[in-house]
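As a plain string of letters, each chain reads:
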Amino acid sequence: ASQLRYLARLSVKYKENPEDKMQAWQIHSYGNLDELKLSTVRMPVITKPTEVLIKVEASSVNPIDVAMMKGYGAMALNLMRKAKNVNNINSSGIEFPLIMGRDFSGVVISKGHGVGDRLKLGDKVWGVVSIEQQGCHSSHVVVDNSMVNPRPENLSYIEAASILYAGLTAWSALWWCGGLSYKTSIATRMNRRMLVLGGSGGVGTLAIQLLKAWNMHVITTCSSDAVNVLKKLGADVVIDYKQDDADRKIFEEGPYDIILDCCNQGIEQAKAKGYQHESYITLNSPLLKNLDEHGLIGGMIRNISDFCKHNLPKAENKSTLKWAFFTPSSEGLNMIQEFVENGKLVPVVKKVYPFQELPKAYERVSLGHLRGKIVIDMK
Ligand code: NDP
């Protein structure tokens, strides 16, 4: 009886303290937009000395949020959650209730003792959340401080929320997968020919700007209504992919050092159209899908076979296929920060939705044909 009285007292205390609660868009099972529910839930807590608690002010919506809502990557992500014993995922390793949302701007409201002076309480910040962790489509989120930086002063909180997930995807695709990290001198980078397929979307607009900041020659494709925007972002050649002579123009601009595929066109099409290239980097690998559909062993066998299919017959072909992924990297974060602060990288925000209307934002992202980013305003 005394224990019950104690629990009752605790629950009264809990109800009376709104500080312990937050608003979050959660799903309790995979499915469509109806699964998204706005709930008042317990606020996440700092469990590691290097973590910070952020009051989220804005966050972007990415195709991965819509895909995860439908169950994409569940098998691999649950393995990662179990392996890392991720904070805020319940101890059985099961992901529900699950919050999506991978990048944010916000304010530091609490921090672990290992964070030091790098971030102070009240600092305006921007950052990303690793893919296996609970996301930031909620009023608060806990993340490791290495994934958080002071927000650049030349960005509003809305603009800051639009850059990092797509930016770190473009950065890791080009810097690591594309090998630009070891082609360090400006001379070796200058005038390398880079083709960005799908330059008008979230990742494409940032990939173009990163490549220009690294002194590359950038050719990109998009629909006619986006041509001027991409020219303004610095693309050297913009080809309207809906025009009859687009394939000929793309062919004639080659050969390319790298083709970065931001629109899931696929290497088969590029080969069929005769585009010459050293590396073809796609953001739409079959890796997670194979694991979802065929389990761990079957999925891994398919992954090896899919990867080898385009990478083994090098003698006659000489080109390679690479699969790129969003990487939460402090090196990438710092580089993007520097480019934003010196004006080499600017945000492209398509539309802002209030937090209460988040399902409309997911719907807009799933309709496609975006020009830049969709952002959720949580202030
Ligand atoms: P967006 O939807 O913002 O952009 C895609 C863009 O491609 C749209 O602007 C679309 O405009 C354009 N497009 C579509 N078809 C073509 C075509 N044939 N030629 C040229 N442009 C075309 O998506 P994101 O930029 O956020 O992401 C790009 C892709 O990368 C997505 O498929 C996403 O799932 C994937 N991704 C993967 C990540 C990973 O970790 N592996 C991380 C982030 C993204 P329009 O149709 O009007 O021409």
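Scroll up a little and you will see the structure.
Just so it is clear, the model here is predicted, and its values are computed rather than measured. (Residues numbered from 1 in each chain as written. Predicted model: local features only at pLDDT ≥ 70, side-chain atom pairs only at ≥ 80, totals over all residues. Heavy atoms only, no water.)

Peer 1: Before we move on, can you summarise a nonpolar patch on the surface with the specific residues and values?
Peer 2: A contiguous nonpolar surface patch, about 480 Å² in accessible area, is contributed by Leu79, Leu296, Ile297, Met300 and Ile301. Looking at which element gives the most residues to the nonpolar patch, the answer is helix 11 (residues 287-311), with 4 residues. Tracing the sequence through the fold places Met300 in helix 11. (Patch = residues over 30% accessible without salt bridge, like charges linked within 9 Å, V, L, I, M, F, W, Y side chains within 5 Å. Areas by Shrake-Rupley, 256 points an atom, 1.4 Å probe, with all protein chains shown as cover. Salt bridge = Lys/Arg side-chain N within 4 Å of Asp/Glu carboxyl O. Helix = DSSP H or I, 4+ residues; strand = E, 2+ residues; numbered from the N terminus.)

Peer 1: Account for the pairing of strand 3 (residues 51-61), with residues named and values stated.
Peer 2: A regular strand carries its side chains on alternate faces of the sheet. Burial within strand 3 is extensive, with 10 of its 11 residues counted as buried. Alignment of strand 3 against strand 6 (residues 140-144), held across 5 bridges, turns out to be antiparallel. Within strand 6, the residue paired with Val52 across the bridge is Val143. Sheet analysis places strand 3 next to strand 4 (residues 103-111), joined by 7 bridges and oriented antiparallel. Within strand 4, the position partnered with Ala58 by the bridge is Ser105. (Buried < 20%, exposed > 50% of the residue type's maximum accessible area, 1.4 Å probe, protein only. Pairing = 2+ DSSP bridges.)

Peer 1: I'd love a proper account of unusual backbone geometry, names of residues and values included.
Peer 2: The step from Phe96 to Pro97 runs through a cis peptide bond, and the omega angle for that step is -5°. Inspection of the secondary structure assignment puts Pro97 in the loop between helix 3 (74-84) and strand 4. Each neighbour pair has its own omega, and for Gly254 with Pro255 the value is 0°, a cis peptide bond. Inspection of the secondary structure puts Pro255 in the loop between helix 9 (246-253) and strand 11 (256-261). One non-glycine residue, Asn215, lies in the positive phi region at around 65°. Mapped onto the fold, Asn215 is located in the loop between helix 7 (202-213) and strand 9 (217-222).

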